[in-house]
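Chain residues, written in single-letter form:
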Amino acid sequence: MNLREALEEVWEEYGGEAVVISARYERPLGEVLEEAGEDGRKVWVEWGEVSSGGVSVPATHILFLDEDGYMRRDGSGLAVVSVEDYRRLRALS
């Protein structure tokens with residue numbers, strides 16, 4: 001799956017009401033999806049959690065793959081959380 005496909009799938013899952021968290025930014029899912037354009041980078045999608053200040057919330061993780069199909073370990077992945085859960089995380093940090 002490529003990045004664009006993954007973001008579209010996550011959009012459907014969250015009904016567009018989500019925030020993307022990365023090492024560089026925290027932005028609405030819609031903005032990230034618009035900028036993705038035809039981004040063909042290969043990704044792996046998995047479900048887990050994001051934690052901050054002792055609070056954990058469900059998250060969808062989008063992990064970038066290298067040219068050999070292995071997960072990159074450089075912190076370049078994205079985490080997507082609902083707007084409500086994002087507010088919970090930020091209220092405690």
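Check the entry above for the structure.
Overview of the structure.

With respect to the overall build of the chain
Step number 1: For the chain, the helix and strand inventory stands at three helices and five strands.
Step number 2: Rg of the C-alpha trace for the chain: 13 Å, near the compact-globule value of 12 Å for 93 residues, within the 12% margin.
Step number 3: Its C-alpha atoms give the chain principal-axis dimensions of roughly 40 × 25 × 20 Å.
Step number 4: Taking all 93 residues of the chain together, the buried fraction comes to 44%.
Step number 5: Of the charged side chains in the chain, 10 are positive and 20 negative; the average position of the first set lies 5 Å away from that of the second.

Overview of helix H3 (residues 83-91)
Step number 1: Of all the positions in H3, only Val83, Asp85, Tyr86 and Leu89 are classed as buried. The arc that holds the buried residues of H3, viewed along the axis, is 160°, so those residues lie on one side. With respect to the buried face of H3, the exposed residues turned more than 90 degrees away are Glu84, Arg87 and Ala91.
Step number 2: Residues of H3 that are buried sit in contact with strand E1 (18-21), strand E2 (26-28), strand E3 (43-52), strand E4 (55-64) and strand E5 (78-82).

What to know about helix H1 (residues 3-14)
Step number 1: With twelve residues, H1 ought to run about 16 Å at 1.5 Å a step, and its terminal C-alpha atoms sit 16 Å apart, in line with that.
Step number 2: Listing the buried residues of H1 in full gives Leu3, Ala6, Leu7, Val10 and Tyr14. Taken around the axis of H1, the buried residues stretch over an arc of 95°, which confines them to a single face.
Step number 3: Buried positions along H1 lie against E1, helix H2 (29-36), E3, E4 and E5.
Step number 4: Near the N-terminus of H1, the side chain that reaches the backbone nitrogen of Arg4, with its oxygen 3.1 Å away, is that of Asn2.

Structural notes on the pairing of E3
Step number 1: Strand direction decides the pairing type here: E3 and E4, joined by ten bridges, are antiparallel. Each residue of the ladder has a partner; that of Gly48, found in E4, is Ala59.
Step number 2: Hairpin connection between E3 and E4: a loop of two residues separates the two successive antiparallel strands, and Gly53 in this loop has a positive phi of roughly 60°.

About the criteria used
- Residues numbered from 1 in each chain as written.
- Predicted model: local features only at pLDDT ≥ 70, side-chain atom pairs only at ≥ 80, totals over all residues.
- Heavy atoms only, no water.
- Helix = DSSP H or I, 4+ residues; strand = E, 2+ residues; numbered from the N terminus.
- Rg over C-alpha atoms; globule rule 2.2 N^0.38 Å.
- Buried < 20%, exposed > 50% of the residue type's maximum accessible area, 1.4 Å probe, protein only.
- Lys, Arg positive; Asp, Glu negative; His and termini not counted.
- Charge placed at Lys NZ, Arg CZ, Asp CG, Glu CD.
- Arc of directions from axis to C-beta.
- Contact = heavy atoms within 4.5 Å.
- Expected span 1.5 Å × (residues − 1).
- Polar contact = N/O pair within 3.5 Å; in protein donor to acceptor, adjacent residues only side chain to side chain.
- Pairing = 2+ DSSP bridges.

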